[in-house]
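Each chain is listed here by its residues.
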Amino acid sequence: MFLTRLVYTSSVTDNFSPNDIENILEIARKNNQANNVTGMLCFNRKFFLQCLEGSRSKVNETYHSILNDNRHQRIIMLDYKEISARNFSEWSMGYMPESSLTSPVNIKFSGTPEFNPYEMSGESAHLMMLALKETIPSI
Ligand SMILES: Cc1cc2nc3c(=O)[nH]c(=O)nc-3n(C[C@H](O)[C@H](O)[C@H](O)COP(=O)(O)O)c2cc1C
C-alpha cells in the first residue's frame, strides 16, 4: 500500500454554519481512524486547508467524499504525492483554528499576512502545516 499525501483548499458555502466545524471534525476523526488516514485541517471561517495522508486508496476515497460535501466549494488540489513517511501520524485530524493562523506564519509561507491558501503553492501550504504542528505541545 503506497503512502500518499493530498493537500487541498476550499471555501465555505452558504450551507456552512459555524457549528458545522465540530461536526466535520467528529466525522472526520471517526472515519479517518477507521481508515488509517491522518492529517491536519486549518480553517479561518472562510477558507479550509487540509492535508490527508494514508494509503493511496483511502486518501482518494476520503477526498471523493469531501468533494461531494456541499458545505464547501472551489475545491482545489494543491499537492498530491507518494510519500515515504507520514508527518501527522498522531492525528486522525489535527485542527488549527483561525487564532493559530497568525500573520507571522502567513507571511512566512505566502505573499500576504492573511490566510489565503489559494495564493499558496502546494509546497508552501504543506510546509506551513508542518510549522503549525510544531506550535502544538506533543500529545
Ligand atoms: C472541510 C471538510 C473536511 C472534511 N474532512 C474529512 C475527513 O478528513 N475525513 C472524512 O471522512 N470526512 C471529512 N469530511 C466530511 C465528508 O465531506 C463527508 O461528510 C463524510 O466523509 C461523510 O461521512 P459518512 O458517510 O460517515 O457520513 C470533511 C468535510 C469538509 C467540509
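Look up: the structure comes first, before these words.
Quick caveat: nothing in here was measured; it's all calculated off a predicted structure.

> Quick question: what am I supposed to make of the site of the ligand here?
The environment of the ligand is formed by 16 residues, the closest being Ala28, Asn31, Asn32, Gln50 and Asp69. Gln50 places a side-chain nitrogen or oxygen 3.1 Å from an oxygen atom of the ligand. With respect to the ligand, the side chain of Asp69 contributes an N or O atom lying 2.7 Å from an oxygen atom. Mapped onto the shell around the ligand, the elements with two or more residues apiece are α1 (20-35), β3 (47-55) and α2 (56-67). Broken down by element, the residue count for the shell around the ligand peaks at five residues, all from α1. Looking at the shell around the ligand residue by residue, the class counts come to eight nonpolar, six polar and two charged.

> Please clarify how the environment of Met96 should be interpreted in this entry.
When you line up the elements, Met96 lands in strand β5 (residues 94-96). Between the alpha carbons of Met96 and Met128 there is a distance of 11 Å; along the sequence they are 32 residues apart.

> Explain helix α4 (residues 122-134) to me, please; I cannot follow it from the model alone.
Given a rise of 1.5 Å per residue, 13 residues ought to cover 18 Å, and the 19 Å separating the end C-alpha atoms of α4 matches this to within 8%. Check the buried side of α4 and you find it contacts β1 (3-12), β2 (38-43), β3, β4 (72-82), β5 and α3 (103-109).

> Mind showing me how you'd approach the packing of aromatic side chains here?
In this description, a pair of aromatic rings is defined by centroid distance and the angle of the planes. Taken as a whole, this structure holds six aromatic pairs when the rule is applied. When the ring of Phe16 is compared with that of Phe48, the centres are 5.8 Å apart and the planes differ by 80°; the resulting orientation is edge-to-face. With Phe16 in the loop between β1 and α1 and Phe48 in strand β3, this pair connects stretches of sequence that are 32 residues apart. On the basis of relative accessible area, Phe16 is assigned to the buried category, the value being 13%. A ring pair is formed by Phe47 and Tyr118, whose centres lie 5.4 Å apart and whose planes are at 75°; its orientation type is edge-to-face. Within this pair, whereas Phe47 is found in strand β3, its partner Tyr118 is found in the loop between α3 and α4, the two being separated by 71 residues in sequence. Members of the aromatic cluster, each reached through a chain of ring pairs, are Phe16, Phe43 and Phe48. For the cation-ring pair, Arg74 lies above Tyr118, with the distance from its terminal atom to the ring centre recorded as 4.1 Å.

Scoring rules and cut-offs
- Residues numbered from 1 in each chain as written.
- Predicted model: local features only at pLDDT ≥ 70, side-chain atom pairs only at ≥ 80, totals over all residues.
- Heavy atoms only, no water.
- Near = heavy atom within 4 Å.
- Polar contact = N/O pair within 3.5 Å; in protein donor to acceptor, adjacent residues only side chain to side chain.
- Helix = DSSP H or I, 4+ residues; strand = E, 2+ residues; numbered from the N terminus.
- Nonpolar A, V, L, I, M, F, W, Y, C, P; charged D, E, K, R; others polar.
- Expected span 1.5 Å × (residues − 1).
- Contact = heavy atoms within 4.5 Å.
- Phe/Tyr/Trp six-rings, centres within 6.5 Å; stacked < 30°, edge-to-face > 60°.
- Buried < 20%, exposed > 50% of the residue type's maximum accessible area, 1.4 Å probe, protein only.
- Lys NZ or Arg CZ within 6 Å of the ring centre and 35° of its normal.

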